[in-house]
Amino acid sequence: MLKQIIRNLLSGKKTISISQEDIASARAALAGLEELKTEIDSIYSRSIRIRQVDAGSCNACEWECTALTNPVYDVQRFGIDFVASPRHADMLLVTGPVSRQMELALRKTYDATPDPKFVVACGDCAVNGGIYNSSYAVAGGVSKILPVDLVIPGCPPSPQQIITALLAFLKQQHR
Amino acid sequence: MNTQEIRILSSQTRLNEEYIEVAKDDFRLTCVNIFRKHNALLRLMFAADERAETGCFRIYAVFSVKDEDRFVIVNSALGTDCSYQSITPDIPAAHWYEREIKDMFGLMPIGHPSPGRLVLHESFPAGSHPLRKDWSISDSELKVWSEGVVENEPYNFMKVEGEGIFEIPVGPVHAGIIEPGHFRFSAIGETIFFLEAKLFYTHKGTEKLFEKIGFEKGVQLSERVSGTSSFAHSAAYCMAVERLCGAELPERALAIRTLALEMERLYNHIGDIGNMCAGTGLAVGYAKGALLKEELMQLNARVTGSRYLRGVNTLGGVKCDFLQKAEDINSTLDHITIGYKQMMDMLQQSVSHLERLETTGVLSKDIAKSLGVTGIAARASGLNDDMRADHPHLLYHALHFESNLMAKGDVYARMMARAADAECSISMIREILSMRFDSRLAADIHKVPAMQQALGYAESPRGSLFYWVRSDSEGRPLRVKLRSPSFCNWPAMPFAVHGNIVPDFPLCNKSFNLSYSGCDM
């Protein structure tokens, strides 16, 4: 393992560019991330803490949120992190169409999050129920249950799309 | 009683599916005979509301016969009393299926040792069964269900009592970015004496929705049943509908589906091995696994346009010809192979990591067999269960691969079963890319025939996956049954964690890596 750590330290490449195909857009995105960091620095004293709540998602959106913390996107370097308890959160990021059997748990999580707080509906299901919209077992979107401040469409939205949407939102809040 | 006394009302064979209809009173005995005499495996069990056509409900039990590519599907029409003899006392793997059928259809398994609710939680109205064709629910009932406060049918957790025993309730909202489920540990100090998992929080009424949206749109829905098995789900669903229609797929479509299944398996296994490092606090291993997985996800996006391989399948074949991108796939695999070897070498040399894995979360072969455990979890416990070998479909009959068996059934065995499987996937992907196929991508499917039924299946990254579809008199879906591997494996989890310490539970959980959404439907 020591060998691996030394190898990692010596190799120059720590993160890879977000899009390998389009270098220009990757540059723009990276510039965007720097901007995001400035926003977070000024609004939230250098950090924004997110509590992710799965309200009946298929788990694709969760994996994209997890990917945000991998060495490629590494959102922690910008002061964004996912926290274990709603008590520590500034923002609830909700995925899934809100299944009826998760509704109570979602409400309780919201109540447990201290004010001021933002609610993000992440993914098509969370936005309006998505393909599950007409099912008897779902409420059909987070806005049916909680006041939503930001929607991030996509099935699932890519890590890059999630970062971009958060940036636009935080900028808007700053104004 | 013996086999001669059972009167077979009708039997019908189509492809490798053999339907045997028996009277309701013979259902249990027929199932038990097949199970015992042919050493068969209960693959799935379900009911269908066929009252519009035949005036009754029907129950089905699908067995796969050992060492034969054959499914025996025992079925019986139920009378007006809506009950049947439970097969759970003889075939324990049936226990969840029978409870699910009771919830969704209101058909009573007489003699089931624990027939409480499974899918529907306490606040769902009593005596209401969503998969019945004449079912409806009022707004006020929906409100009560959503609020989740009223107990229409109580849920009784197993109570463990005695000196020094205390309960630890966890969830449904967990600390990490994972799916929701409620776990109740009865612990003695740090040691788990008993674990009860209350799941189905993500129940989305998927099977009912399949009936509503029609066969074609069902492809999109099947891709959204369980995120990281999107392709396996849509491949199995498409296969069921294609068999129903009698469609012959062009070889290129079969090859592309096989390729995508293996690409899906590879990113899952490598990611899962990395995640197991998160369970032991080995940050370097976790980061390495996540990095390799991300590289594979980006490859998926480049060749198919979707990180989760969505939008590739269509009824009759595939929409996207990514065999043409062989060069990109091969060169990415070269890179992945190097990184993957580094990761495995590092893990194998990391004593503190291995020490946590070995002898942790042991699932015995006997329990795995009696509960019908499938996939990686089964192979790690010494059960040779692999749909690719047992029921060769798509291109698997033409590919070279071995199902890698482990014996010990602990977390380490599950990691190594994944590692061996990942290497198999890499070699199969390369083998497919070296083959040549004609250019047709899909067969034409004009019309779905009326009142037909068929089975579709796949070996998903988590294990065997089934869809069963039946069309009604107008060629619309009368019933779509889906059975994800997690539905078989969740009941085994409490057995694997018994006697382990509570802090090892996340590690055990990650070693199984079960889907909640796929199980909850």
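As the structure is a computational prediction, the values presented were derived from the model and not from experiment.

Enquirer: What is the right way to read the domain arrangement of chain B from this model?
Expert: Reports often express the size of an interface as the amount of accessible area lost when the parts come together. Residue and element names in this part refer to chain B. Taken as a whole, chain B is organised into domain 1 (3-110), domain 2 (155-198) and domain 3 (206-307 + 325-503 + 509-520). One C-alpha centre belongs to domain 2, the other to domain 3; they are set 29 Å apart. Among the elements of the structure, β9 (182-188) and β10 (191-198) are those that each provide at least two residues to the side of domain 2 that touches domain 3. Ranked by the residues each element gives to the side of domain 2 that touches domain 3, the list is headed by β10, at 5 residues.

Enquirer: Could you clarify how one ought to interpret the sheet that holds strand β4 (residues 56-64) of chain B in this entry?
Expert: Consider a sheet: its strands pair through backbone hydrogen bonds, and that pairing is either parallel or antiparallel. Residues and elements named next belong to chain B. With respect to topology, 5 strands assemble into an open sheet ordered β1-β2-β5-β4-β3, the strand pairing being mixed. Strands with a single pairing partner mark the edges of an open sheet, and in this sheet they are β1 (8-14) and β3 (41-50). On average, adjacent strands in this sheet sit at an angle of 20 degrees to one another, irrespective of strand direction. Two strands pair when backbone bridges link them, and strand β2 (residues 17-22) and strand β5 (residues 71-77) are joined in this way by 5 bridges, in the parallel orientation. For Ile-20, the partnering residue across the bridge sits in β5 and is Val-74. Contacts from helix α1 (residues 27-37) reach β2, β3, β4 and β5 within the one sheet, and its direction differs from that of β5 by about 170 degrees. Set on the sheet, helix α3 (residues 95-105) makes contact with β3 and β4; between it and β3 the angle comes to about 10 degrees.

Enquirer: What am I meant to see in the packing of helix α9 (residues 326-349) of chain B against helix α14 (residues 411-433) of chain B here?
Expert: Describing two packed helices takes the angle between their axes plus the distance from one axis to the other. All names here are of chain B. At a minimum axis separation of 11 Å, α9 and α14 run at an interaxial angle of 160 degrees. Overall, the two elements α9 and α14 adopt an arrangement that is roughly antiparallel. In the crossing of α9 with α14, the sense of the turn from one axis to the other is left-handed. Seen from α9, the contacting residues are Ala-326, Ile-329, Asn-330, Leu-333, Thr-337, Tyr-340 and Met-344; seen from α14, they are Ala-419, Ala-422, Ile-426, Ile-429, Arg-430 and Leu-433. The class makeup of the residues in the contact of α9 with α14 is 10 nonpolar, 2 polar and 1 charged.

Enquirer: Looking at this structure, I do not really get the sheet that holds strand β8 (residues 165-170) of chain B. What am I missing?
Expert: Residue and element names in this part refer to chain B. Pairing is antiparallel across the open sheet formed by 3 strands, whose spatial order is β8-β9-β10. Two strands bound the open sheet, and with one partner strand each, they are β8 and β10. Taken over all neighbouring pairs, the strand axes of this sheet differ in orientation by 20 degrees on average, direction set aside. With 7 bridges connecting them, β9 and β10 associate as antiparallel partners. Paired with Phe-185 across the two strands is Leu-195, which belongs to β10.

Enquirer: What exactly am I supposed to notice about the interface of chain B and chain A here?
Expert: Listed as interface residues are 46 residues of chain B and, on the opposing side, 42 residues of chain A. For the side of chain B that touches chain A, the secondary-structure elements that each account for two or more residues are α4 (139-147), α5 (206-222), α8 (283-304) and α9 of chain B. Broken down by element, the residue count for the side of chain B that touches chain A peaks at 7 residues, all from α8 of chain B. In the side of chain B that touches chain A, the residues fall into 20 nonpolar, 17 polar and 9 charged.

Conventions we followed
Chains are numbered independently. Their residues run from 1 in the order of the written sequence. Both sets of labels track the order of writing: A upward for chains, 1 upward for ligands. pLDDT decides what is reported in this predicted model: residues at 70 or higher carry local features, side-chain atom pairs at 80 or more are listed and counted, and totals for whole chains, interfaces and linings draw on all residues regardless. Domain segmentation is taken from an automatic or database assignment of domains. We count a stretch as a helix when DSSP gives it H or I for four or more residues in a row; a strand needs E for two or more, and each element gets its number in order from the N terminus. At least two bridges found by DSSP between two strands are what make those strands a pair. Only the stretch in contact is used when fitting a helix axis, every axis being a line fitted to C-alpha atoms; angles between N-to-C directions are given from 0 to 180 degrees. C-beta atoms are first placed from the backbone for all residues, and any pair lying within 7 Å is then listed as a contact. In these notes the angle categories are as follows: under 35 degrees is roughly parallel, over 145 is roughly antiparallel, 65 to 115 is roughly perpendicular, and the rest is oblique. For any helix crossing, the convention is left-handed if the near helix is rotated counterclockwise from the far helix by under a right angle, and right-handed if that rotation is clockwise. Each residue is assigned to one of three groups, with Ala, Val, Leu, Ile, Met, Phe, Trp, Tyr, Cys and Pro labelled nonpolar, Asp, Glu, Lys and Arg labelled charged, and all others, Gly among them, labelled polar.

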